[in-house]
Each structure stands twice: as structure tokens, then as C-alpha cells.
Amino acid sequence: MGRLWRNTTMSDDHLSELYQEIILGHNRRPRNKGELNPFDGKGEGYNPTCGDEVTVFVRRTAGGNPIECVHFTGEGCAISQASASIMTSAMSGKGDEEIRAEIRRVVGMLTAADDPESVELDEWGDLAALVGVRKFPARIKCATLAWHALEEALGGS
Ligand code: ZN
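To start, this report covers the structure provided alongside it. All of these numbers come straight from a predicted model, not from anything done at the bench.

Let us look at the side chain of T88. Along the chain, the position of T88 falls in helix α2 (residues 78-91). Only 3.0 Å separates the side chain of T88 from the backbone oxygen of S85, close enough to count as a polar contact. Residues contacting T88, with those up to four places away along its chain left out, are R31, N32, V70, H71 and F72.

Shown next, in the form of C-alpha cells:
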């Protein structure tokens, strides 16, 4: 796994701890949790293997684009709820195209068969913690759940 984290001088173990802290922190104090009312789009996700539920709400700015804010509700494991919290923080205020590109990037990174060449930690911020979930294949669906729900909430294509 060393290659995945090559942009840092920290060891894998330290990074795993850091990622775990980020995940647990978001799970304890989720950002943007609660229904949006009114909202312009809503997407729901359910992960039967873990029992995770996430509903994502988006509200658009007056012109329709960009998205003004993204909120979520739900319950489930720490990874599913932290992923939703990290996602809503990172995506609020972005335009449709940018959000769709981010969904592809994050889901692609989590589900790729091969290790990605590198992850720019500075650029990814808390999202990098989600990439750490790659180490636990059984939990990848927990991490992607909110992102698929966001895609549904954006509507159309
Ligand atoms: Zn889960």
C-alpha cells in the first residue's frame, strides 16, 4: 500500500490512524446533518450488507446552479455516516458538473481494481480518509452509499 500514500512522509500506520480519526470525528459530530426544507432534490441509499441508510438533500441557488447546500440524514456505521458528512462539506457550493466529476472520482477511487497511482493528500483533504477505506473491501459500499444518493439527488444527467 505504500505507493498509495507516496506523497507523504508519514508511515502507513500513522496515516491509518489519521484517517480513522477523521472518520470517527465526522461520525461523532456530523456536518450538515438534518433535512433541508425546502429542497430541490433528494436521493436515498440503503446498504443491506451493513444496514446503512442515507438520504441526501440538495438545495439549488436561485439560478439553479451551483448547488447552494447539501444535507443528509441517516443512520448506520461510522464509515457510512462520516462519508456523508465529509461529502456534504466538500460538495456544498459546487456546480453540477463539478459535483458529478467528484462523484466519479471518489467512487472510482474506492472501487478501482488496482491501487491508484497516487492521492494528493493536500488536494483531497478529509476526502482522503475515504480513500483509506479501500483497505477494507467489505466496507466500500458503506463509503460509496452517500455519493450514489447525491447523484440521485442531482437528478437528470
Ligand atoms: Zn456500513
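Counting residues in each nonpolar core, the largest one holds 40 residues, and the members touching the most others are V56, W147 and L150. If you list the elements that add at least two residues to this core, you get α1 (12-28), β2 (52-60), β3 (67-75), α2, α3 (96-111), α5 (127-131) and α6 (140-154). With ten residues, the single largest contributor to this core is α6. Residue contacts for W147: discarding those within four places in its chain leaves S83, M87, M91, E102, I103, V106, V107, L127 and L130.

So, about the coordination of the zinc ion. The protein atoms that coordinate the zinc ion are C50 (SG), D52 (OD), C77 (SG) and C142 (SG), at distances of 2.1 to 2.3 Å. Mapped onto the sequence, the donors of the zinc ion take the spacing C-x1-D-x24-C-x64-C. With a gap of 90 residues between them, D52 in strand β2 and C142 in helix α6 connect regions that are remote in the sequence. For D52, a relative accessible area of 0% puts it in the buried group. Accessibility expressed as a relative area gives 1% for C142, which makes it buried.

Another point: the environment of A84. Residue position: A84 is located in helix α2. Along the chain, A84 and C142 lie 58 residues apart, while their C-alpha atoms are 9.7 Å from each other. Beyond its immediate stretch of four places on either side in the chain, A84 contacts V54, F72 and A146.

Right, let's get into the packing of aromatic side chains. Under the definition given, this model contains one aromatic pair. The interplanar angle of 70 degrees and the centroid separation of 5.1 Å between the aromatic rings of F39 and F57 together place this pair among those described as edge-to-face. Taken as a pair, F39 in the loop between α1 and β1 (41-47) and F57 in strand β2 lie far apart in primary sequence, 18 residues in all.

As a further point, take the environment of P38. Position of P38 relative to the elements: it lies in the loop between α1 and β1. You can call P38 exposed: its relative accessible area is 57%.

The rules we used
- Residue positions are given per chain, counted from 1 along the sequence in the order it is written.
- Totals for whole chains, interfaces and linings use all residues, but because this is a predicted model, local features are given only for residues with pLDDT of at least 70 and pairs of side-chain atoms are given and counted only at 80 or more.
- The basis for every side-chain value is the complete set of heavy atoms in the structure, and neither hydrogens nor water enter the calculation.
- In DSSP terms, a helix is any run of H or I states spanning at least four residues, a strand is any run of E spanning at least two, and both are numbered starting from the N terminus.
- In protein, a polar contact means a hydrogen-donor-capable atom and an acceptor-capable atom, both N or O and within 3.5 Å, with residues adjacent in sequence counting only if both atoms are side-chain atoms; elsewhere, any N or O pair within 3.5 Å suffices.
- By the convention used here, residues are in contact when the closest approach between their heavy atoms is within 4.5 Å.
- We define the nonpolar core as a collection of buried residues of types Ala, Val, Leu, Ile, Met, Phe, Trp, Tyr and Cys that are connected through side-chain atoms lying within 4.5 Å of one another.
- Classification of residues uses two cut-offs on accessible area relative to the type maximum, computed with a 1.4 Å probe and protein chains only: under 20% is buried, over 50% is exposed, and between them is partly exposed.
- Here the term donor refers to an N, O or S atom within 2.8 Å of the metal (or 3.2 Å for Na, K and Ca), and because water is left out of the atoms, sites may appear incomplete.
- Each aromatic pair joins two rings of Phe, Tyr and Trp (for Trp, the six-membered one) with centres within 6.5 Å, and gets the label stacked for planes under 30 degrees apart, edge-to-face for over 60, and tilted for any other angle.

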